[in-house]
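If you want the building blocks of each chain, they are given just below.
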Amino acid sequence: MQDRPVIKTAIPKLRYQIGSHSASLLGEIESGDGRAYRYILAFVPSGQREPVFYVCAEPSPPAERADGAYRLGIVGEVLSEVVDTDDRWGDLDAFAEQALKLGQQALGLQQASVVRLM
């Protein structure tokens, strides 16, 4: 996974179970890749330790802030792209709702129920 976030430290804010995957929403992230993440939602298949899919919110570059303060990006095994730019991705609840939807779509978990664990 080419653009995998490098997370030195982070505070778990929310945890979910989605079918055969667990997902942890992280905040207060110190990264080792030079990026300033606001939030990251990482999806881990049951029985594994490493995430296979990430949804990230990070501040928009100054030239793009007119479109929104935060970029919403996805990082998976075969793709990495910014999917939206909006102020609302800086809000925990708005980010969590959209990130869960993106992860469910990408991992084929649309039919799985989302259970909030924390």
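The preceding data block contains the structure.
Residues numbered from 1 in each chain as written. Predicted model: local features only at pLDDT ≥ 70, side-chain atom pairs only at ≥ 80, totals over all residues. Heavy atoms only, no water.

A. Fine view of a nonpolar patch on the surface. Nonpolar side chains collect at one region of the surface, where V115, L117 and M118 lie side by side and expose about 270 Å² of accessible area between them. Here L117 lies in the segment after strand 7 (114-116). (Patch = residues over 30% accessible without salt bridge, like charges linked within 9 Å, V, L, I, M, F, W, Y side chains within 5 Å. Areas by Shrake-Rupley, 256 points an atom, 1.4 Å probe, with all protein chains shown as cover. Salt bridge = Lys/Arg side-chain N within 4 Å of Asp/Glu carboxyl O. Helix = DSSP H or I, 4+ residues; strand = E, 2+ residues; numbered from the N terminus.)

B. Up close: the side chain of H21. With respect to the element layout, H21 can be found in strand 2 (residues 21-31). Residue classification places H21 among the buried positions, given a relative accessible area of 9%. Side-chain polar atoms of H21 contact the side chain of S20, separated by 3.2 Å. Excluding residues that lie within four positions of it along the chain, H21 makes contacts with Y16, V44, P45, S46, V52, L107 and L109. (Buried < 20%, exposed > 50% of the residue type's maximum accessible area, 1.4 Å probe, protein only. Polar contact = N/O pair within 3.5 Å; in protein donor to acceptor, adjacent residues only side chain to side chain. Contact = heavy atoms within 4.5 Å.)

C. Region of interest: the nonpolar core. Of all hydrophobic cores here, the largest spans 23 residues; its most connected members are Y16, I18, L25, L41, F43, V55 and F95. When residues of this core are traced back to their parent elements, those giving at least two are strand 1 (7-18), strand 2, strand 3 (39-45), strand 4 (53-59), strand 5 (70-75) and helix 1 (92-107). Element by element, the count of residues in this core is highest for helix 1, at five residues. Ranked by size, the runner-up nonpolar core spans eight residues in total, among them L26, I40, C56 and V75. (Core = buried A, V, L, I, M, F, W, Y, C linked by side-chain atoms within 4.5 Å.)

D. The arrangement of the pattern of salt bridges in detail. Considering all chains together, one arrives at seven salt bridges under this definition. A salt bridge links E64 to R71, with the nearest nitrogen and oxygen atoms 3.1 Å apart. Residue classification places R71 among the partly exposed positions, given a relative accessible area of 23%. The shortest N-O distance in the salt bridge between E97 and K101 comes to 3.5 Å. Linking E97 with K101, this pair stays in helix 1, spanning four residues, or about one helical turn. You can call E97 partly exposed: its relative accessible area is 49%.

E. Focus on the pairing of strand 2. Here strand 1 runs beside strand 2; their pairing, made up of nine bridges, is antiparallel. Note on strand 2: the bridge partner recorded for Q17 is S22. Adjacent in sequence and paired antiparallel, strand 1 and strand 2 are bridged by two residues, among which G19 carries a positive phi angle near 55 degrees. One ladder, built from six bridges, connects strand 2 with strand 3; its direction is antiparallel. Within strand 3, the residue paired with L25 across the bridge is L41. (Pairing = 2+ DSSP bridges.)

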